[in-house]
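The residues making up each chain are set out below.
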Amino acid sequence: VARRSRDTEERGRTMAASKLSKGVQSVLPRMKSVVNASRIGSFSDENVWTVFTPLANRLKAVNLGQGFPGWEAPQFLKDNACAAIQENFNQYTRSEGHLNLVQELARGYSSTLKREIEPMSEVCVVNGCTEAVYSSLQGLVDPGDRVVMFSPFFDMYKPQIEIAGGVPVTVPMELVDSKWTFDEKELRRAVVDGDAKVLLLNSPHNPSGKVFTKSELETIAGIVRESSRTVVLSDEVYQFISYNDDSEYVSIAAMDGMAERTLVLSSSGKTFSVTGWKIGWCVGPSHLISCVQSVHGLVSFCTSTASQEAIARSLRQAEEPYEDSPSYYAHLSKIYRKKRDFLSAALDDVGLTPAIPEGSFFTVCDISGFRMPEEYESMEGVTRDWAFCLFLAETYGVVAIPMSPFYSEDQQHLSCNLVRFAFCKTDEQLEEAASRLQGLSQHRI
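Below is a summary of the structure that appears in this document. (Residues numbered from 1 in each chain as written. Predicted model: local features only at pLDDT ≥ 70, side-chain atom pairs only at ≥ 80, totals over all residues. Heavy atoms only, no water.)

## A closer look at the packing of helix α4 (residues 99–112) against helix α11 (residues 305–317)
For clarity, the threshold we go by: To get an axis, a line is fitted to the C-alpha atoms, and for a helix only the part in contact is used. The angle between two axes follows their N-to-C directions and goes from 0 to 180 degrees. To qualify as a helix, a DSSP run of H or I must reach at least 4 residues; to qualify as a strand, a run of E must reach at least 2; elements of each kind are numbered from the N terminus. Should an angle fall under 35 degrees it is called roughly parallel, over 145 degrees roughly antiparallel, and 65 to 115 degrees roughly perpendicular, with every other angle called oblique. Helix crossings are classified by the rotation of the near helix relative to the far one: an anticlockwise turn of less than a right angle makes the crossing left-handed, while a clockwise turn makes it right-handed. For this analysis, residues touch if any pair of their heavy atoms sits within 4.5 Å. Three classes are used, and their members are as follows: Ala, Val, Leu, Ile, Met, Phe, Trp, Tyr, Cys and Pro are nonpolar, Asp, Glu, Lys and Arg are charged, and the others, Gly among them, are polar.
Between α4 and α11, the shortest axis-to-axis distance is 8 Å and the interhelical angle comes to 30°. Considering their axes alone, α4 and α11 lie roughly parallel with respect to each other. Of the two possible hands of crossing, α4 and α11 adopt the one that is left-handed. Here α4 contributes Asn100, Leu101, Glu104, Leu105 and Arg107 to the contact with α11, which in turn contributes Gln308, Glu309, Ile311, Ala312, Leu315 and Arg316. Grouping the constituent residues of the contact of α4 with α11 by class yields five nonpolar, two polar and four charged.

In structure tokens:
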């Protein structure tokens, strides 16, 4: 009886609420369809990743498009992660960065940047290098400020600049004799004459694989120093994936007069093959770090404590001998060099002329010497590089990425015959891709 009574009361409340709701609806205006904020209205849900990654899955293609490692993280890192969780590093940590991690980062960067880094005020740990760029731009850029970058550029840079209210300005690099070059005069016009607030630099570079030489960095630094207010955001996420054996890695932040106007941005994802951990950081003078931290503290407050502790322990271990190499970093570079050389040879063998990368795990190829079937050559609404990648996936079961998304609209002509392959995959995947690509040579002009 009591249960029936409660059921009756519940039905009564439901009916009353329904009548009240209908009454409210009769006096309130109907809600319009939800629209995006104007600052993101130009961004499309469809991009190179939402098209080609599902396509690779549907076709069971070898995915040499998206740049995520195709193997496990080193065992010592996973052991450190398990230990950190078991040792109860599971609650919020310091917003600016877990103490053990900022101390390790300061130790390492003090050597790289040739100056003493203060861990408590000159390091900020964020959610991956993507947030490092985002929070830096939000903390530094006012509406209308010009942000200069080389093209091709990592595709997230442009929308992040625009969300901050900045104006993206691109200085094109050109592929000359399989080497990426830039025009010093164009860079000076963009930075100095254009009164740029930020120069967004990426070395080793995605998507081109270029590593800016010490001489080039000195040229860039000299141009930046001509400006009274330009700050450099130096994305160095591929620092340890570099193939220049004869030279020490050089950051623009170590150049004369650049320490006070440069933020170095990086992360653990590419170095330790844990792109899903999203542990990134910014290193630089306290007056710039405070701009980043002001945003980071409001966006996500802090990053995973256990993961930060695991990375802190692993940074020191990575300097020790690893397998048959003097350090984990040397091992990483060696295995990527082997994969680079294998894929470059396979691409060259079928006529896809690769620009041999000096760093990162991407190689860019020229497709101008190929003629696709007419349905792809005449495909409407897409650029030629995009059509070629569709042709490659649907005909040969290998996914590459068109280069046009890495260029601004007015520079699309520079990318129409360029595609990017990623070689951060297992040897078996690369061998399968090489085998499938053999038939492509029949389409050479």
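## Points about the sheet that holds strand β10 (residues 353–355)
The test is simple: DSSP bridges decide pairing: two strands pair if at least two such bridges lie between them.
Strands sit in the order β10-β11-β14-β13 across an open sheet of four strands; the sheet is antiparallel. Looking at the sheet topology across the chains shown, the edges are occupied by β10 and β13 (401–402).

## Brief notes about the state of the cysteines
A covalent bond between the sulfur atoms of two cysteines is what we call a disulfide. In plain terms, the rule: In plain terms, two cysteine sulfur atoms within 2.5 Å form what is called a disulfide here.
Under the criterion given, the structure shown has zero disulfides. No disulfide involves cysteine 365; its sulfur sits 10 Å from that of cysteine 389, the nearest cysteine.

## Remarks on the packing of aromatic side chains
Using the following cut-off: Here is the rule: rings of Phe, Tyr and Trp (six-membered ring for Trp) pair when centre to centre is within 6.5 Å. Planes less than 30 degrees apart are stacked, more than 60 are edge-to-face, and the remainder are tilted. Exposure classes here rest on a 1.4 Å probe applied to the protein chains alone. A residue is buried below 20% of its type maximum, exposed above 50%, and partly exposed in between. A ring is scored as having a charge over it whenever the NZ atom of a lysine or the CZ atom of an arginine sits within 6 Å of its centre and within 35 degrees of its normal.
Scanning all chains against the criterion turns up 23 aromatic pairs. Their ring planes at 80° and their centres at 5.7 Å tell us that tyrosine 92 and phenylalanine 301 sit as a pair that is edge-to-face. In this pair, tyrosine 92 sits in the loop between α3 (75–86) and α4 while phenylalanine 301 sits in the loop between α10 (286–299) and α11, placing the two residues 209 residues apart along the sequence. Residue class for phenylalanine 301 comes out partly exposed when judged on its relative accessible area of 38%. Between the aromatic rings of tyrosine 336 and phenylalanine 423, the centroid separation amounts to 6.4 Å while the plane-to-plane angle is 70°, which identifies the pairing as edge-to-face. Remark: phenylalanine 423 occurs in the loop between β14 (418–422) and α15 (427–437) and tyrosine 336 occurs in helix α12 (residues 328–349); sequence separation between them is 87 residues. Judged on exposure class, the residue tyrosine 336 and its partner phenylalanine 423 are both buried. Here the aromatic cluster, defined as three or more aromatic residues joined through ring pairs, consists of Trp71, Tyr238, Tyr336, Phe361, Phe362 and Phe423. The ring of phenylalanine 362 has arginine 420 sitting right over it, with the charged end atom 3.7 Å from the ring centre. Lying across the ring of phenylalanine 68, lysine 425 places its NZ or CZ 3.7 Å from the centre.

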